[in-house]
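Structural overview
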Amino acid sequence: MDNEKASRVKIPLDDVDTKKFLGVNDRTLRFIKDKTGARVWLEGDDLFAEGSEKQVELVRKLVGVLKSILVQRGFISEDDIRDISELNEEEVSEHTKEDIFIDTPRRRVYPRTPNQIEYIKAIRMYDIVVGIGPAGTGKTYLAVALALEFLKRGKVEKIILTRPAVEAGESLGFLPGDLEEKINPYLTPLYDALYSMMGYERVRALVQRRILEIAPLAYMRGRTFHDSFVILDEAQNTKAVQMKMFLTRLGLRSKLVLTGDITQIDLPDEGHSGLVEIQRVLRGIKGIRFVYFGKEDVIRHRLVKDIVEAYEKFQSEKNKKVE
């Protein structure tokens with residue numbers, strides 16, 4: 001224990017179903033041991049941990065997070081175990097202080113950076129939230145998770161996910177297939193996020209019941225969103241007139257979340273991006289919140305951060321030459 005003072009703690013589990021807490025083949029117990037390095041065992045309805053003070057305290061916090069999942073949802077999934085395993089000690093501590101996690105049908109989603117925490121708080125508090133930053137920072141994923149949470153808690157009656165059908169200068173008219181086949185490639189990232197949180201069958205059931213709608217931005221014209229959680233993804237590829245149209249769709253008891261990366265604009269004229277423009281137009285309006293992400297918020301393969309940083313450096317040097 002590296003000369004640290006040995007410590008031992010007893011954590012009662014009599015307030016939860018012990019079998020469900022332990023999981024198949026004591027999966028949860030093995031995870032706690034691997035994550036903390038402490039000696040962990042069960043006696044009756046009590047879990048014991050022995051190790052350094054730091055290890056034992058981490059065991060206590062992990063058990064608190066896991067019990068919370070079990071009480072909230074009735075089970076602890078493999079996805080939950082995997083997601084918690086990726087949290088460092090500081091992040092585990094943050095999640096025991098306040099409810100900054102998001103419960104979805106299949107897994108509990110955890111913010112990993114201060115900006116992600118602020119983003120979650122902003123979405124829960126404000127009617128319109130704009131998340132701007134590079135790929136891999138969780139802008140869309142966290143927004144979709146919160147939409148499912150709002151639906152589950154009865155705060156909204158419908159989820160609408162939309163994207164502009166603009167990508168690398170291509171036009172829908174030049175793509176093969178019927179309209180649905182032309183549109184689907186643009187909406188795949190939204191489906192991917194939903195499948196990871198709900199599973200294919202649940203997503204399809206919600207779509208069939210029209211509780212969940214995934215459609216291109218062009219389909220939003222002329223509508224008003226009441227009792228809805230609406231997410232506009234890839235918002236940097238909306239034109240200014242489209243952005244105004246979308247924002248003015250906001251109805252009663254609804255929430256709009258816009259996500260995008262202003263360094264990845266695929267419009268012919270980057271200066272006409274609606275996402276760029278609203279930073280000037282809407283700044284300071286009460287009820288609207290902008291949250292900015294950076295390379296430090298990228299939660300993907302470690303090389304993604306390096307790639308983002310390399311491009312930022314390249315663009316900075318390019319701008320200096322132009323000046």
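In case you missed it, the structure is sitting above this.
Residues numbered from 1 in each chain as written. Predicted model: local features only at pLDDT ≥ 70, side-chain atom pairs only at ≥ 80, totals over all residues. Heavy atoms only, no water.

Digging into the sheet that holds strand β6 (residues 128–132)
Here 6 strands make up an open sheet; going across it, the order is β8-β7-β9-β10-β6-β11 and the pairing parallel. Where the open sheet ends on each side, the last strands, each with one partner, are β8 (212–216) and β11 (288–292). This sheet shows a mean twist of 15° between the axes of neighbouring strands, independent of strand direction. When β6 meets β11, the two strands line up parallel, connected through 5 bridges. Following the sheet pairing, I132 is matched in β11 by Y292. Relative to the sheet, helix α7 (residues 139–152) contacts β6, β7 (158–163), β9 (228–232) and β10 (255–260), its axis offset from that of β9 by approximately 170°. Against the sheet, helix α10 (residues 240–247) contacts β6, β7, β9 and β10, and its axis sits at roughly 155° relative to β10. (Pairing = 2+ DSSP bridges. Helix = DSSP H or I, 4+ residues; strand = E, 2+ residues; numbered from the N terminus. Axes fitted to C-alpha atoms, helices over the stretch in contact; angles between N-to-C directions. Contact = heavy atoms within 4.5 Å.)

Brief notes about the nonpolar core
With 36 residues, the main nonpolar core has Y119, L161 and F229 as its most contacted residues. Where this core is concerned, the elements lending two or more residues are α6 (114–125), α7, β7, α8 (179–198), α9 (200–208), β8 and β9. Setting aside its immediate chain neighbours within four residues, Y119 contacts V129, G131, G138, K139, L142, A143, V257, T259, V291 and F293. Counting residues in hydrophobic clusters, the runner-up holds 29 residues, among them L22, I84, L87 and Y110. (Core = buried A, V, L, I, M, F, W, Y, C linked by side-chain atoms within 4.5 Å. Buried < 20%, exposed > 50% of the residue type's maximum accessible area, 1.4 Å probe, protein only.)

Re unusual backbone geometry
In this model, N25 sits at a positive phi of 55°, which is unusual for a non-glycine residue. Tracing the sequence through the fold places N25 in the loop between α1 (18–22) and α2 (27–36). Given a relative accessible area of 64%, N25 falls into the exposed group. Of note, the phi angle at R210 is positive, near 65°, even though the residue is not glycine.

Let's talk about the side chain of R249
Along the polypeptide, R249 turns up in the loop between α10 and β10. The side chain of R249 is buried and forms no salt bridge, while E213, the nearest opposite charge, is found at 12 Å. Those residues in contact with R249 that lie beyond four places of it in its chain are M220, G222, R223, T224 and F225. (Lys, Arg positive; Asp, Glu negative; His and termini not counted. Salt bridge = Lys/Arg side-chain N within 4 Å of Asp/Glu carboxyl O.)

With respect to the sheet that holds strand β3 (residues 46–52)
With respect to topology, 3 strands assemble into an open sheet ordered β1-β3-β2, the strand pairing being antiparallel. Each of the sheet's edge strands pairs with one partner strand only, and the pair in question is β1 (6–12) and β2 (39–43). In this sheet, adjacent strand axes meet at a mean angle of 20° when their direction is disregarded. Bridging between β2 and β3 involves 5 bridges; their strand directions are antiparallel. Among the inter-strand pairings, L42 is bridged to a residue of β3, identified as L47. Packed on one face of the sheet, helix α3 (residues 53–73) meets β1, β2 and β3 and runs near 150° to β3.

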